[in-house]
Amino acid sequence: MKHSNPILRHLYEYGMITLGCAIYALSFNWFFSPNNISMGGFTGVAQILNRLLPILPVGITSIVLNIPLFAVGVRKQGVRILISSLFAMALGSLMIDAMAAVHTFQPMDPLLSSVYGGVLLGVSMGIMLTVGATTGGTELLARLLKYKFKSLSIGRLCLTVDVIVICLYAVTFRNVNNALYGIIAMYISSLAMDTVVYGSMNAKLAYIISQKSGEVASCLLGMDLGITLLDGRGGFSGDEKQVVLCAFKRSQIAAIKAAVTAIDPNAFIIVCEAHEVLGEGFGEYTPDSL
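Residues numbered from 1 in each chain as written. Predicted model: local features only at pLDDT ≥ 70, side-chain atom pairs only at ≥ 80, totals over all residues. Heavy atoms only, no water.

Enquirer: Teacher, can you tell me more about the overall build of the protein here?
Expert: Secondary structure summary: the protein contains ten helices and four strands in total. Here the C-alpha radius of gyration of the protein, 24 Å, is well above what a compact globule of 290 residues would show, namely 19 Å. Based on the C-alpha atoms only, the size of the protein along its principal axes is roughly 80 × 45 × 35 Å. For the protein, with 290 residues in total, the buried portion stands at 40%. A fraction of 73% describes how many contacts in the protein between residues 6 or more apart in sequence connect residues 24 or more apart. For the protein, the computed accessible surface area is about 15600 Å², with 65% contributed by carbon and sulfur atoms. Averaged over its 19 positive side-chain charges, the protein has a centre that lies 8 Å from the centre of its 17 negative ones. (Helix = DSSP H or I, 4+ residues; strand = E, 2+ residues; numbered from the N terminus. Rg over C-alpha atoms; globule rule 2.2 N^0.38 Å. Buried < 20%, exposed > 50% of the residue type's maximum accessible area, 1.4 Å probe, protein only. Contact = heavy atoms within 4.5 Å. Areas by Shrake-Rupley, 256 points an atom, 1.4 Å probe, with all protein chains shown as cover. Lys, Arg positive; Asp, Glu negative; His and termini not counted. Charge placed at Lys NZ, Arg CZ, Asp CG, Glu CD.)

What follows is the structure, encoded as structure tokens:
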């Protein structure tokens, strides 16, 4: 959602950051903390450094590790990412402490906590990333690595960094079970994050082969869908055919199949997943795109 009014746009962005921080705090307090499951990230790195050098406090070490990332982030995306991410870091920390003070969650089955904690964590990170904010650490590092590794999704980049940290955590603290559950949680988190970040750009693609391709094309155009006509030839018959190519949103699939089969019950329809569609009616590309 984009508002032309800058005040409304900022209210929307910081409202989404607040929502993301609330979900993040809930996932930490409900699923990760009481079950001693590592979340990876720079907090995990700080814990490792604290174990090796007890003189280094976890909180301050985590902040220091974020400083060079924020410096690069400001250079890449401007001061906006610094302000929004500092707001997210501060609010997320306050919400974690406030929630812990109000209610103490009891431990549960570690597998359940890994699954549901991973979902909530991924949703929270995805919400903040869609409005250009992070809580620092892994998410900010993945956001910056995206400039270098454009072919990898933001969730996969986060997963790679987190798994490395969790494995180092397991070696340092000699806690293999914690690491295994943490990896499950981070994998699910990466899937949830990608769903939130790229979900609006996901679509389906249909190849429609019909003897009445002209009528099918007119019908789809009447449904306000964009189409492309491709020249084809039947492999068995050798007949010239027109293939109707159409990208559409998931909610439109039933209406499209009903419309096409009403025109030609023998139409051959191939529906494929389109991971990302850019252009009118879908997403748009910018140099800072995730």
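There's more to say after this.
Enquirer: How should the side chain of Asp264 be read in this particular structure?
Expert: Along the chain, Asp264 falls in the loop between helix H10 (253-263) and strand E4 (268-274). Lys212 provides the closest opposite charge to the buried, unpaired Asp264, separated from it by 5.7 Å. Polar contacts involving the side chain of Asp264 include one to the main-chain amide nitrogen of Asn266, which spans 3.0 Å. Those residues in contact with Asp264, other than ones at most four positions away along the chain, are Ser210, Gln211 and Lys212. (Salt bridge = Lys/Arg side-chain N within 4 Å of Asp/Glu carboxyl O. Polar contact = N/O pair within 3.5 Å; in protein donor to acceptor, adjacent residues only side chain to side chain.)

Enquirer: For this particular structure, what's the right way to read the packing of aromatic side chains?
Expert: Applying the stated criterion across every chain yields a total of four aromatic pairs. Seen from their ring centres, Trp30 and Phe105 are 5.6 Å apart, and the 20 degrees between their planes marks the pair as stacked. Of this pair, Trp30 sits in helix H1 (residues 6-32) while Phe105 sits in the loop between helix H4 (79-102) and helix H5 (110-130), and the two are 75 residues apart along the sequence. Among the residues examined, Trp30 registers a relative accessible area of 33% and is labelled partly exposed. Classification of Phe105 as buried rests on a relative accessible area of 19%. Each member of the aromatic cluster is reached from another via a ring pair, and the members are Trp30, Phe31, Phe105 and Tyr116. (Phe/Tyr/Trp six-rings, centres within 6.5 Å; stacked < 30°, edge-to-face > 60°.)

Enquirer: What am I meant to see in the sheet that holds strand E3 (residues 240-248) here?
Expert: Within a sheet, adjacent strands bond to each other through the backbone by hydrogen bonds, running parallel or antiparallel. Taken together, four strands build an open sheet; the order of strands is E2-E3-E1-E4 and the sheet is antiparallel. Each edge of the open sheet carries a strand with a single partner, namely strand E2 (227-233) and E4. This sheet shows a mean twist of 25 degrees between the axes of neighbouring strands, independent of strand direction. The sheet contact formed by E2 and E3 spans seven bridges and is antiparallel. For Asp231, the partnering residue across the bridge sits in E3 and is Gln242. (Pairing = 2+ DSSP bridges. Axes fitted to C-alpha atoms, helices over the stretch in contact; angles between N-to-C directions.)

Enquirer: Any chance you could explain the layout of surface pockets here in plain terms?
Expert: If you roll a probe as big as a water molecule over the atoms, it shows you where there is empty space left. Put simply, the second largest pocket is a space of about 770 Å³. Forming the boundary of the second largest pocket are 35 residues, of which Tyr24, Phe28, Phe42, Thr43 and Ser62 lie nearest the centre. Taken together, the residues that form the lining of the second largest pocket break down as 14 nonpolar, 19 polar and two charged. (1 Å grid on protein atoms, 1.4 Å probe; cavity = no way out; pocket = protein on both sides within 12 Å on 5 of 7 lines; lining within 4 Å. Points joined across faces, edges and corners; volume = space filled by probe spheres on them. Nonpolar A, V, L, I, M, F, W, Y, C, P; charged D, E, K, R; others polar.)

Bear in mind that shape data such as this cannot, by itself, settle questions of function.
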